[in-house]
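Observations on the three-dimensional arrangement
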Amino acid sequence: MIRIAIDAMGGDFGPEPIIEGVIQALDERQFFPILVGDREQITSILPEYYLDKLEIVQSSDVFSMSDQATQALKRKESTIYMAVELVRDGKADAVVSAGHSGATMTLATLRIGRLPHISKPALATLMPNKLIGAKTLLLDVGAVTDCTAKNLYEFAIMGEVYAKKVLNLRRPKVGLLSNGEEDSKGNALTKEAFKLMENVPGFKGNVEGSDIFNGSVDVVVCDGYTGNIVLKASEGVVSTVFDLMKTQIRKSIPAKIGAFMMKKKVFKKLKEKVDYAEYGGAPLLGVKGCAIISHGKSNAKAIKNAIFQAIDYNDKNVNEAIEELLTKNNA
């Protein structure tokens, strides 16, 4: 049974939504959670029924969102350090954290370590697209801001494998984010990466920003600086569109009636499509073991789905498949 180390204290709202998410996950899937955090707070929230279904590792030092990621290695008694260390020591197969993402990425990379043929890990996230039931995997979204062409090539390999194994896509299409679809477009970095990525089985060439959302490709590769801007800009657009819709609906009685009639079907489906809680978290691809980084504002549903991601990642041997494809392509 997979053992998952969970930073029980790292989210914006304390341990309550994290523990509730663990409970929901335990009710649906088989795994063994190791909660790292303040034992007294955890047991005050956790129903007694679940006490023998998990382990609690005591830690009262919580790495806050305002702390510098560079301090992560020094805070050896912090919840996130101890959770990552459980994976490093082989006591857990995966780590899930809704805490400081920079600290989690730093510790996972330096303490757990990278896969043998990976030079830098990549943080991947699922973006909504217009196709029914489909999502687009975008990477990197913040792990590596200054990339080399080799990094982007490795991201493409990792993204393709993740799309096959976890998203269950038989032949995922991979695109390189650029300022135009033509092979000649891009900057020095993407032009060099393009040549390397031609060896990636599912590579379809350059794609533009709109292709992230129109479903023309399944995986979009970019450097972490660009990806993080795309991610946050997209979140801002979604928030603004919803706010504008609410404002316009309030101004008109017919609009209110129409909105009421569409609430359960149209708006509910739309919210599910763009809600990060539906995806759970972002996998840090390229590290040994598995690290899932959830949004700081994660609710119980998001934590549950992040745990499910970790279970699927482990069950489907994602790391082994990444190494196999890299070895084959570089032979």
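Below you will find a few notes about this structure. The numbers attached to residues start from 1 for each chain and follow its sequence in the written order. Reporting of local features is limited, given that this is a predicted model, to residues whose pLDDT is at least 70; pairs of side-chain atoms are given and counted only at 80 or more, and all residues count toward the totals for whole chains, interfaces and linings. Where side-chain values are given, they derive from all heavy atoms of the structure, hydrogens and water being excluded.

**Looking at the packing of aromatic side chains**
In plain terms, the rule: Pairing of aromatic side chains requires ring centres within 6.5 Å, counting the rings of Phe and Tyr and the six-membered ring of Trp. Pairs whose planes differ by under 30 degrees are stacked, by over 60 edge-to-face, and all others tilted. Remark: exposure states derive from per-residue accessible area (1.4 Å probe, protein chains only) relative to the maximum for the residue type, with buried under 20%, exposed over 50%, and partly exposed in between. Note on geometry: a ring has a charge over it if NZ (lysine) or CZ (arginine) is within 6 Å of the ring centre and within 35 degrees of the ring normal.
Taken as a whole and judged by the stated rule, the model has 3 aromatic pairs. Between Phe 194 and Phe 203, the ring centres sit 5.2 Å apart and the planes meet at 75°, which makes this aromatic pair edge-to-face. Both residues of the pair, Phe 194 and Phe 203, count as buried. The lysine or arginine in question, Arg 29, covers the ring of Phe 308, its NZ or CZ lying 5.0 Å from the ring centre.

**Some thoughts on the nonpolar core**
Heads up, the rule is: To qualify as a nonpolar core, a set must consist of buried Ala, Val, Leu, Ile, Met, Phe, Trp, Tyr and Cys residues joined through side-chain atoms within 4.5 Å. Strands here mean DSSP runs of E at least two residues long; helices mean DSSP runs of H or I at least four residues long; both are numbered from the N terminus. Working rule for contacts: check all heavy atoms of both residues, and any pair within 4.5 Å makes them a contact.
Ranked by size, the top nonpolar core spans 65 residues in total, and within it Ile 4, Met 197 and Val 221 carry the most contacts. If you tally residues by element for this core, the top one is helix α5 (residues 149-165), at 10 residues. Once residues lying within four places of it in the same chain are set aside, the contact partners of Val 221 are Leu 139, Leu 152, Phe 155, Ala 156, Val 174, Gly 175, Leu 176, Leu 177 and Met 197. Val 36, Tyr 81, Leu 123 and Val 141 belong to the second largest nonpolar core, which has 38 residues in total.

**Regarding the state of the cysteines**
Operational definition: Sulfur atoms of two cysteines make up a disulfide when they are within 2.5 Å.
For the structure shown, the criterion picks out 0 disulfides. Between Cys 147, a cysteine without a disulfide, and Cys 222, which holds the nearest cysteine sulfur, the sulfur-to-sulfur distance is 8.2 Å. Cys 147 sits in the buried class, given a relative accessible area of 13%.

**A word on the environment of Met 1**
You can see Met 1 is positioned in the segment before β1 (3-7). C-alpha of Met 1 to C-alpha of Gln 30: the two residues are 29 residues apart in sequence and 7.1 Å apart in space. Once residues lying within four places of it in the same chain are set aside, the contact partners of Met 1 are Gln 30, Phe 31, Phe 32 and Asp 93.

**Some points on α5**
In plain terms, the rule: For a helix, the expected span equals 1.5 Å multiplied by the residue count minus one.
The end-to-end C-alpha distance of α5, which contains 17 residues, comes to 25 Å, matching closely the 24 Å that a straight helix rising 1.5 Å per residue would cover. In terms of burial, α5 is largely enclosed, as 14 of its 17 residues are buried.

**Things to note about helix α10 (residues 300-315)**
Here α10 spans 23 Å end to end across 16 residues, near enough to the 22 Å set by a 1.5 Å rise per residue. The buried count for α10 comes to 12 of 16 residues, which makes it a mostly enclosed element. Turning to α10, its buried residues are Ala 300, Ala 302, Ile 303, Lys 304, Asn 305, Ala 306, Ile 307, Phe 308, Gln 309, Ala 310, Ile 311 and Tyr 313. Where α10 terminates, the next one or two residues include Asn 317, which has phi positive at roughly 55°.

**What about the sheet that holds strand β8 (residues 203-207)?**
To be explicit about the condition: Paired strands are those between which DSSP finds at least two bridges. Geometry is summarised by axes, namely lines fitted to C-alpha atoms with helices restricted to the contacting stretch, and by angles between N-to-C directions that run from 0 to 180 degrees.
With respect to topology, 11 strands assemble into an open sheet ordered β3-β2-β1-β4-β11-β10-β5-β6-β9-β7-β8, the strand pairing being mixed. A single partner strand is all that each edge strand has here, and the edge strands are β3 (55-58) and β8. Strand-to-strand twist in this sheet, taken as the mean axis angle between neighbours without regard to direction, amounts to 25°. Of the pairings in the sheet, the one linking strand β5 (residues 122-128) to strand β6 (residues 135-139) comprises 5 bridges and is antiparallel in character. Within the sheet, the bridge partner assigned to Met 127 lies in β6 and is Thr 136. Those strands touched by helix α3 (residues 79-88) are β1, β2 (32-37), β3 and β4 (94-97), and its axis lies near 145° from that of β2.

**Here's the deal with the pairing of strand β7 (residues 174-177)**
Note the threshold: The handedness of a crossover follows from its direction of travel: if, with the strands pointing away from the viewer, the path from the first strand over the helix to the second runs clockwise, the crossover is right-handed.
Alternating positions in β7 separate into two faces, Val 174 and Leu 176 on one and Gly 175 and Leu 177 on the other, with burial throughout. In the sheet, β7 pairs with β8 via 4 bridges, with the strands oriented parallel. Looking across to β8, one finds that Gly 175 is bridged to Gly 205. For the crossover that starts at β7, traverses helix α6 (residues 188-197) and ends in the parallel β8, the hand is right-handed. Pairing of β7 with strand β9 (residues 219-221) involves 3 bridges; the strand directions are parallel. Looking at β9, one finds that Val 174 is bridged to Val 219.

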